[in-house]
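# Chains, contacts and geometry: an overview
Next come the chains, spelled out residue by residue.
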Amino acid sequence: MTPALPFRQFVVKIHGWCDLACEYCYVYEHVDQSWRDRPRAMAPAVVDALAARLGAHLRRHEPPEARVILHGGEPLLAGARHLTRTLDTLRAAAPAATTLEFAVQTNGVRLDDGFLRLFRSRGVRVGVSLDGGLPGHNRRRRFPSGRESFDRVAQALSRLDSPAYRDIYGGILCTIDLDSDPVEVYRSLLAFGPPMIDFRLPHGNWAHPPPGRQPDDPATPYGDWLIAVFQEWYDAPRRRVAIRLLDSIIQLLLGGPSASEDIGTTRTGAVIVDTDGSIQGSDVLKTAHPGAPETGLNVLTHSFDDALDAPAIRAEQRSPLTVPAACAGCDVVDVCGGGLYAHRYHPDAGFDHRSVYSPDLRRLIRHVRARVTADLAARRRPPAPTVR
């Protein structure tokens, strides 16, 4: 079994509810509905216990840096006062030997100057979810009333891209929609000046296939979508933005680590803490079956070292030893790594199965590999002799 490494990323579900009703949400719209039985917001006593456990874990393992991500639901629903207290309490718990970084992932509809001033004062990087330009975003990310949300998010991103807040602008998370033109989506996101774009595959698996992805169908709609973005991005005269997935593929092809949990065999060392203090594996596992991310542990009664050996957490630690057996011998396995753990779930094979996106990932990685290999070969080739 792969030896457990200390956690370096702590995803804190500071508020478990959301003010949007996105049609593809893996928290509210999939098979695990445990959010209904948890507190809406993390209580101060749970925050204090989390801080104590966090500090103890960092003091014991002494990582040079660690990261806390405020998540949800929608974390801004917790309110500025609760967020301020949480940030200050967690930061105070970190030992001097560890640099503790903070980020928040928000849908952006409440991201006004008040929240931005708070995050700037506490050094919190801000990521915003936006699914492309107005038509695509409003088709899938609406308020529960049906009201469109794009204008509110666009205003927030304009603030983030201003000189006052540019230094805390983390980037844009965009879930792929096959009904949207990939190049138009990419260009619409560039208009908001993000330092990074994280294109995410819609969460699904073999039991609950994502839109347009039929089990065992050799078609590659998501691979083709991402290749169109890659071509636009890679062929540009100047690289205007980092794209996490594409940069990670290139890094892995060149022998480096992955910066994305979707591919590769680089362990992220992440753990989730829900609003009730429960310690969990990735909440994307909620798309597999009810209770899939549960460990039975809670920061009120258990340490993060206890969680290192929890089966739900150990099983999804990425390494060459955790690649599905079915992927052995594949020419891109060292880059793909079997895909995201949650995307492997099969009702018969559990998680020891290739990703539901396996054809798409092979298509994309092979395309990127061909382009990068050709470019490297061209640069190494000696110059042609001058014809006189």
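Here, every reference points to the structure presented above.
Attention in this report is confined to the structure presented alongside it. (Residues numbered from 1 in each chain as written. Predicted model: local features only at pLDDT ≥ 70, side-chain atom pairs only at ≥ 80, totals over all residues. Heavy atoms only, no water.)

### Considering the overall build of the protein
Defined as follows: We count a stretch as a helix when DSSP gives it H or I for four or more residues in a row; a strand needs E for two or more, and each element gets its number in order from the N terminus. All radius of gyration figures rest on C-alpha atoms, and the globule criterion is 2.2 Å times the number of residues raised to 0.38. For every residue, the accessible area obtained with a 1.4 Å probe (protein chains only) is divided by the maximum for its type, and the residue is called buried under 20%, exposed over 50%, and partly exposed between those limits. Every residue pair with non-hydrogen atoms within 4.5 Å of one another is taken to be in contact.
Looking only at helices and strands, the protein has 12 helices and 10 strands in total. The globule rule puts the C-alpha radius of gyration for 388 residues at 21 Å, and the 21 Å found for the protein is close to it. For the protein, the spread of C-alpha atoms along the principal axes amounts to about 80 × 50 × 45 Å. Across the 388 residues of the protein, 54% fall into the buried class. Residue pairs in contact within the protein that sit at least 24 positions apart in sequence constitute 72% of those at least 6 positions apart.

### What about the packing of aromatic side chains?
Put simply, the rule is: For Phe, Tyr and Trp, rings pair up if their centres lie within 6.5 Å, where Trp contributes its six-membered ring, and each pair is then called stacked (planes under 30 degrees apart), edge-to-face (over 60) or tilted (otherwise).
Inspection of the entire model under this criterion finds 11 aromatic pairs. Plain terms: the ring middles of Phe7 and Phe10 are 6.3 Å apart, the flat faces sit at 70° to each other, and that makes the pair edge-to-face. What makes Phe7 buried here is its relative accessible area of 3%. Geometrically, the ring pair formed by Phe199 and Trp225 is edge-to-face, given 5.6 Å between the ring centres and 70° between the ring planes. Of the two residues, Phe199 sits in strand E6 (residues 196–200) while Trp225 sits in helix H7 (residues 221–234), which places them 26 residues apart along the sequence. With relative accessibility at 1%, the residue Phe199 sits in the buried group. Every member of this aromatic cluster is reached through a ring pair, and the members are Phe7, Phe10 and Phe304.

### Notes on empty space enclosed by the protein
The line we're drawing: Buriedness for pockets is judged along seven lines, at least five of which must meet protein on both sides within 12 Å for an open set on the 1 Å grid over protein atoms alone, while cavities are sets there where a 1.4 Å probe fits but cannot get out, and lining residues have an atom within 4 Å of a point. Grid points are joined across faces, edges and corners, and a volume is the space filled by probe spheres set on the points. Polar here means any residue outside two lists: the nonpolar Ala, Val, Leu, Ile, Met, Phe, Trp, Tyr, Cys and Pro, and the charged Asp, Glu, Lys and Arg; Gly therefore counts as polar.
If you walk through the whole model with that rule in mind, you get two cavities of 30 Å³ or more. Space inside the second largest cavity adds up to approximately 50 Å³. Classifying every residue of the lining of the second largest cavity gives six nonpolar, three polar and one charged.

### Description of the environment of Gln251
Quick note on the threshold: Pairs of N or O atoms within 3.5 Å make up the polar contacts considered here, provided that, within protein, one atom can donate a hydrogen while the other can accept it, and that residues adjacent in sequence are counted only when both atoms are side-chain atoms.
Mapped onto the elements of the fold, Gln251 is located in helix H8 (residues 244–253). Expressed as a C-alpha distance, the spacing of Gln251 and Gly264, which sit 13 residues apart in the sequence, is 9.9 Å. Beyond its immediate sequence surroundings of up to four residues, Gln251 is in contact with Gly256, Pro257 and Ala259. Separated by 2.7 Å, the side chain of Gln251 and the backbone oxygen of Pro257 make a polar contact.

### So, the nonpolar core
Which entries qualify depends on this criterion: Only buried residues count toward a nonpolar core. Its members are Ala, Val, Leu, Ile, Met, Phe, Trp, Tyr and Cys residues joined through side-chain atoms within 4.5 Å.
In this structure, Leu111, Phe119, Leu160, Phe199 and Phe304 are the most contacted members of the largest nonpolar core, which totals 93 residues. Broken down by element, this core gets its largest block of residues, eight residues, from H7. The contact partners of Phe304, leaving out residues within four places of it in the chain, are Phe7, Phe10, Leu50, Arg53, Leu54, His57, Val271, Val273, Ile279 and Val299.

### Some points on unusual backbone geometry
Gly73 follows Gly72 through a cis peptide bond whose omega is 20°. Mapped onto the fold, Gly73 is located in the loop between strand E2 (65–71) and helix H2 (80–93). Even without being a glycine, Glu62 presents a positive backbone phi close to 50°. Position of Glu62 relative to the elements: it lies in the loop between helix H1 (44–61) and E2. The exposure class of Glu62 is exposed, given its relative accessible area of 56%.

### Considering H1
Going by this rule: How far a helix is expected to stretch is found by multiplying one less than its residue total by 1.5 Å.
Taking 1.5 Å per residue, 18 residues should reach 26 Å; H1 reaches 26 Å between its end C-alpha atoms and fits that length. Burial in H1 covers these residues: Val46, Val47, Ala49, Leu50, Ala51, Leu54, Gly55, His57 and Leu58. Of the surrounding elements, those touching the buried residues of H1 are strand E1 (9–13), E2, H2, strand E3 (99–106), strand E8 (270–273) and helix H9 (304–307).

### Side note on the packing of helix H6 (residues 182–190) against H7
Spelled out, the test is: Every axis in this analysis is a line fitted to C-alpha atoms, fitted for helices over the stretch in contact. Angles between the N-to-C directions lie between 0 and 180 degrees. Just so you know how the angles are binned, under 35 degrees is roughly parallel, over 145 roughly antiparallel, 65 to 115 roughly perpendicular, and the rest oblique. Working rule for handedness: look at the near helix, and if it is turned counterclockwise from the far one by less than a right angle, call the crossing left-handed; if clockwise, right-handed.
Running from N to C, H6 and H7 cross one another at 50°; their axes reach a closest spacing of 8 Å. The pairing of H6 with H7 is recorded here as oblique in orientation. Handedness of the H6/H7 crossing: right-handed. Along the contact surface, H6 presents Pro182, Val183, Val185, Tyr186 and Arg187, while H7 presents Trp225, Ala228, Val229, Glu232 and Trp233. Tallied by class, the residues present in the contact of H6 with H7 amount to eight nonpolar, no polar and two charged.

### A word on the pattern of salt bridges
Heads up, the rule is: Definition used for salt bridges: Asp or Glu carboxyl oxygen within 4 Å of a side-chain nitrogen of Lys or Arg.
As enumerated under the stated definition, the model contains 22 salt bridges in all. For Arg200, the salt bridge is made with Glu261, and the minimal N-O distance between the two is 3.1 Å. Separated by 61 residues along the polypeptide, Arg200 in strand E6 and Glu261 in the loop between H8 and E8 bring together distant segments of the chain. Arg200 sits in the buried class, given a relative accessible area of 12%. Note on Glu261: relative accessible area 32%, which makes it partly exposed. Where Arg314 meets Asp309, a salt bridge forms, and the shortest distance between an N and an O atom there is 3.0 Å. Residue class for Arg314 comes out buried when judged on its relative accessible area of 16%. Where salt bridges share partners, they join Asp198, Arg200, Arg244, Glu261 and Asp262 into one cluster.

### Some points on the environment of Gly127
Along the chain, the position of Gly127 falls in strand E4 (residues 124–129). Remark: the alpha-carbon pair of Gly127 and Thr106, spanning 21 residues in sequence, is separated by 6.3 Å. Each residue touching Gly127, except ones within four places of it in the same chain, is listed here: Val104, Gln105, Thr106 and Gly171.

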